Amino acid sequence: MTDTHTPAQDENHLIAERRAKLAKLRQTGVAFPNDFTPGNRAHVLHQQFGHEDQATLALAKHPASVAGRMMLKRVMGKASFATLQDSTGRIQIYLDKQSVGDDVYDAFKQWDIGDIIAVDGHVFKTNKGELSIHAQQIRMLAKSLRPLPDKFHGIADQELRYRQRYVDLMVTEQTRKTFESRSKAIGGIRQTMLDAGFIEVETPMLHPIPGGAAAKPFKTHHNALDMEMFLRIAPELYLKRLIVGGFERVFEINRNFRNEGLSPRHNPEFTMMEFYAAYTDYQWLMDFTETIIRNAAVHATGNSLLTYQGRSLDLSKPFARLTIIEAIMQHAPHYSLVQLADETFLRTELKRLRVDVDAPNLARAGVGALQLALFEETAESQLWDPTYIIDYPIEVSPLARASDTRPGITERFELFMTGREIANGFSELNDPEDQAARFHAQVQAKDAGDEEAMYFDSDYIRALEYGMPPTGGCGIGIDRLVMLLTDSPSIRDVILFPHLRKEDADSA
């Protein structure tokens with residue numbers, strides 16, 4: 001007879017069985033007790049006793065107290081084994097009727113994979129040499145009503161891993177390691193900043209005027225103030241207000257929000273670190289940014305030599321520095337300097353490359369912005385090794401200081417690795433009249449249809465009018481950096497709860 005049950009029907013049947021078990025637990029007492037604190041962690045027990053021989057452990061009977069999720073279970077007559085997983089790793093549990101009693105042992109046989117259990121006992125080694133805990137007391141702390149994925153295959157559906165990250169973390173060791181590495185990397189970055197004399201600050205998430213970047217914001221409404229507000233696209237203008245106020249070195253690690261597309265490199269909510277240092281310029285920033293990134297790599301991986309998607313990435317050497325023109329000539333040498341200085345040629349070539357040169361951001365663009373667009377099409381994806389692209393045109397750098405010696409050029413850089421942007425920094429524009437003029441130009445671009453152009457921020461201009469010291473500032477994309485440090489192909493792999501389309505109600 002053919003089995004016609006669907007996987008969903010099978011899962012619903014298992015959930016119904018587990019709910020019935022929970023109902024019995026409720027009849028016998030507290031189903032979800034909260035009176036147990038483990039005294040030990042699995043990984044620490046392995047470190048402490050993994051080297052001891054079987055006889056020594058049998059004689060010493062070191063006590064152990066652990067709690068965690070039951071991931072494996074093997075019942076064998078009067079004795080059984082289980083594998084318990086806590087936040088640090090796994091350890092085997094051995095229990096027998098004589099030690100825990102008939103009632104507890106019989107109850108254990110009805111427990112399910114995924115249940116949260118507590119164990120008191122002593123450490124020993126099995127005949128096969130596996131460190132284990134011989135349970136003297138064992139009980140359930142929380143019933144798992146849903147079955148875990150198949151232990152051999154895990155979660156095959158990538159979107160399901162993102163949507164149900166809690167399950168992914170339970171069953172996929174690499175996922176847990178990725179987010180542990182993320183935490184270590186951020187810890188290393190934070191320590192680097194504090195060691196360099198920066199103070200950590202927090203600035204608003206809700207802005208009356210979105211600023212600090214060229215991006216489309218999320219809009220909301222503040223009822224009490226009866227005003228339109230925006231989720232921040234960058235903290236830059238607030239951090240520079242703090243420089244004006246006298247904090248000479250500040251940094252913030254926090255979320256930005258941009259109402260744009262989803263891709264392996266983009267999530268509408270993402271983490272950035274922005275930092276600003278008075279009396280520095282973009283040359284100092286590039287040197288210091290290298291230090292930050294190397295330290296993050298060492299904290300996360302123990303090394304500054306990485307492998308990303310099968311290809312080596314060396315963060316130990318000084319990062320290369322190229323102008324936009326130099327990068328194009330290096331990776332697309334068929335262009336001549338004469339062609340790259342010709343606006344008509346640039347527009348024709350970009351159109352051939354299927355770039356919409358009539359879009360609001362390029363329709364009125366000059367040679368500098370068109371060169372940047374050509375760089376993005378021909379060279380950006382080729383920049384595997386860490387490379388600073390420097391000397392951006394003023395028209396695409398509304399907050400950067402202009403060069404004193406090269407008209408139309410700013411003291412700005414972007415850092416690229418593995419073909420993607422990781423950081424953006426520049427000597428800050430601290431001339432309030434120049435900044436006001438650039439804001440006005442951005443407003444004109446917005447009126448012409450460029451949704452990513454900046455607003456005019458009169459309070460920021462007022463702050464600059466009090467005087468801001470010469471300053472360098474930089475933003476580093478934490479998510480993209482962690483992608484490199486953990487060899488993750490998608491930004492969703494390094495964000496615990498990435499944004500997804502609304503889930504089908506039938507699959508919830």
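Residues numbered from 1 in each chain as written. Predicted model: local features only at pLDDT ≥ 70, side-chain atom pairs only at ≥ 80, totals over all residues. Heavy atoms only, no water.

Participant: Break down the overall build of the chain for me, with residues and values.
Facilitator: The secondary structure content of the chain amounts to 18 helices and 18 strands. Looking at the chain as a whole, 47% of its 508 residues qualify as buried. The long-range fraction of contacts in the chain, counting pairs at least 24 apart against all pairs at least 6 apart in sequence, stands at 67%. (Helix = DSSP H or I, 4+ residues; strand = E, 2+ residues; numbered from the N terminus. Buried < 20%, exposed > 50% of the residue type's maximum accessible area, 1.4 Å probe, protein only. Contact = heavy atoms within 4.5 Å.)

Participant: How would you explain the sheet that holds strand β9 (residues 227–231) if you had to name every residue and give the values?
Facilitator: Spatial strand order, β7-β9-β8: three strands in an open sheet with antiparallel pairing. Where the open sheet ends on each side, the last strands, each with one partner, are β7 (206–207) and β8 (219–222). Summarising the sheet, β8 and β9 pair through four bridges and their orientation is antiparallel. Residue pairing across strands places H221 opposite E228, the latter belonging to β9. (Pairing = 2+ DSSP bridges.)

Participant: Talk me through the packing of aromatic side chains; I want residue IDs and the actual numbers.
Facilitator: A complete count under the given rule lists 16 aromatic pairs for this structure. Centre to centre, the rings of Y105 and F108 are 6.5 Å apart; their planes meet at 35°, and the pair counts as tilted. With Y105 and F108 both in helix α5 (residues 102–108), this residue pair falls three residues apart, about one helical turn. Both residues of the pair, Y105 and F108, count as buried. Each ring, one from F375 and one from F416, has its centre 5.5 Å from the other, and the planes form 70°; the classification is edge-to-face. (Phe/Tyr/Trp six-rings, centres within 6.5 Å; stacked < 30°, edge-to-face > 60°.)

Participant: Lay out the environment of P217 with the relevant residues and their values.
Facilitator: By the secondary structure assignment, P217 is in the loop between β7 and β8. Contacts of P217, omitting those with residues within four sequence positions, involve P210, F230, L231, I233 and N259.

Participant: Account for the pairing of strand β10 (residues 249–257), with residues named and values stated.
Facilitator: For β10, the buried fraction is high: seven of the nine residues fall into the buried class. Two strands pair when backbone bridges link them, and strand β6 (residues 199–200) and β10 are joined in this way by two bridges, in the parallel orientation. Of the residues in β10, the one forming a bridge with I199 is V250. Bridge count for β10 against strand β11 (residues 269–278) is nine bridges, and the pairing is antiparallel. Its bridge partner being in β11, F257 is matched across the sheet by E269.

Participant: I'd like a description of unusual backbone geometry, backed by residues and values.
Facilitator: Despite not being glycine, Q309 shows a phi value in the positive range, around 50°. Structurally, the position occupied by Q309 is in the loop between β12 (305–308) and β13 (311–314). According to the relative accessible area criterion, Q309 is partly exposed, its value standing at 43%. Located in the positive-phi region is D487, a residue other than glycine, with phi close to 55°. Note on placement: D487 falls in the segment after α18 (478–485).

Participant: Give me the environment of R232: which residues, what numbers.
Facilitator: Within the secondary structure layout, R232 lies in the loop between β9 and α9 (236–245). The class of R232 is buried, set by a relative accessible area of 0%. A polar side-chain atom of R232 sits 2.9 Å from the main-chain carbonyl oxygen of R255. Only 3.2 Å separates the side chain of R232 from the side chain of N256, close enough to count as a polar contact. (Polar contact = N/O pair within 3.5 Å; in protein donor to acceptor, adjacent residues only side chain to side chain.)

Participant: Please provide a residue-by-residue account of the sheet that holds strand β5 (residues 131–142), values included.
Facilitator: The mixed closed barrel is built from five strands, whose spatial order is β1-β2-β3-β5-β4. Sheet twist, expressed as the mean angle between neighbouring strand axes with direction ignored, is 55°. Bridge analysis of strand β2 (residues 79–86) against strand β3 (residues 89–96) gives eight bridges, and the strand direction is antiparallel. Note on β3: the bridge partner recorded for A82 is I93. (Axes fitted to C-alpha atoms, helices over the stretch in contact; angles between N-to-C directions.)

Participant: Could you give me a rundown of the pattern of salt bridges, with the residues and numbers involved?
Facilitator: One pass over the structure, following the stated rule, counts 27 salt bridges. A salt bridge links D168 to R161, with the nearest nitrogen and oxygen atoms 3.1 Å apart. For the pair shown, D168 and R161 are each scored as buried. Among the salt bridges present, the one from R438 reaches D434, with a minimum N-O distance of 3.2 Å. Note that R438 and D434 are positioned in helix α16 (residues 432–447) at a spacing of four residues, about one turn of the helix. Residue class for R438 comes out buried when judged on its relative accessible area of 8%. Residue classification places D434 among the partly exposed positions, given a relative accessible area of 28%. If you follow the salt bridges from partner to partner, you end up with R18, K21, D112, D115 and K143 in one network. (Salt bridge = Lys/Arg side-chain N within 4 Å of Asp/Glu carboxyl O.)

Participant: Report on the packing of helix α13 (residues 343–352) against helix α15 (residues 367–378), specifying residues and quantitative values.
Facilitator: The interhelical angle for the contact between α13 and α15, taken along N-to-C directions, is 35°, at an axis separation of 10 Å. Judged by the sense of rotation from one axis to the other, the crossing of α13 with α15 is left-handed. Across the interface between the two elements, E343, L346, R347, E349 and L350 from α13 touch V367, L370, Q371, A373, L374 and E377 from α15. Residues of the contact of α13 with α15, tallied by class, amount to six nonpolar, one polar and four charged. (Left-handed = near helix turned anticlockwise from the far one by under 90°. Nonpolar A, V, L, I, M, F, W, Y, C, P; charged D, E, K, R; others polar.)

Participant: Outline the nonpolar core, listing residues and values.
Facilitator: Grouped together as the largest cluster of nonpolar side chains are 43 residues, with contacts concentrated most on I189, M193, M273, F275, M417 and I476. Ignoring any residue separated from it by four or fewer positions in sequence, one finds F275 in contact with M193, F198, V250, F251, L285, F288, T289, I292, G472, G473, C474 and I476. (Core = buried A, V, L, I, M, F, W, Y, C linked by side-chain atoms within 4.5 Å.)

Participant: Give me a nonpolar patch on the surface: which residues, what numbers.
Facilitator: A cluster of nonpolar residues, Y166, L496 and F497, forms a patch on the protein surface that exposes about 330 Å² of accessible area. In this fold, Y166 is placed in helix α7 (residues 165–171). According to the relative accessible area criterion, Y166 is partly exposed, its value standing at 48%. (Patch = residues over 30% accessible without salt bridge, like charges linked within 9 Å, V, L, I, M, F, W, Y side chains within 5 Å. Areas by Shrake-Rupley, 256 points an atom, 1.4 Å probe, with all protein chains shown as cover.)

Participant: Account for helix α8 (residues 173–195), with residues named and values stated.
Facilitator: Taking 1.5 Å per residue as the helical rise, α8 with its 23 residues ought to reach 33 Å, and the 33 Å between its terminal C-alpha atoms agrees with that figure. Those residues of α8 that fall on the buried side of the exposure criterion are T175, T178, F179, S181, R182, A185, I186, G188, I189, T192 and M193. If you follow the buried residues of α8, they end up packed against α6 (158–163), α7, β10, β11, α10 (282–301) and α18. One or two residues past the end of α8 sits G197, with phi positive at roughly 90°. (Expected span 1.5 Å × (residues − 1).)

The values are spatial; any link to function lies outside them.
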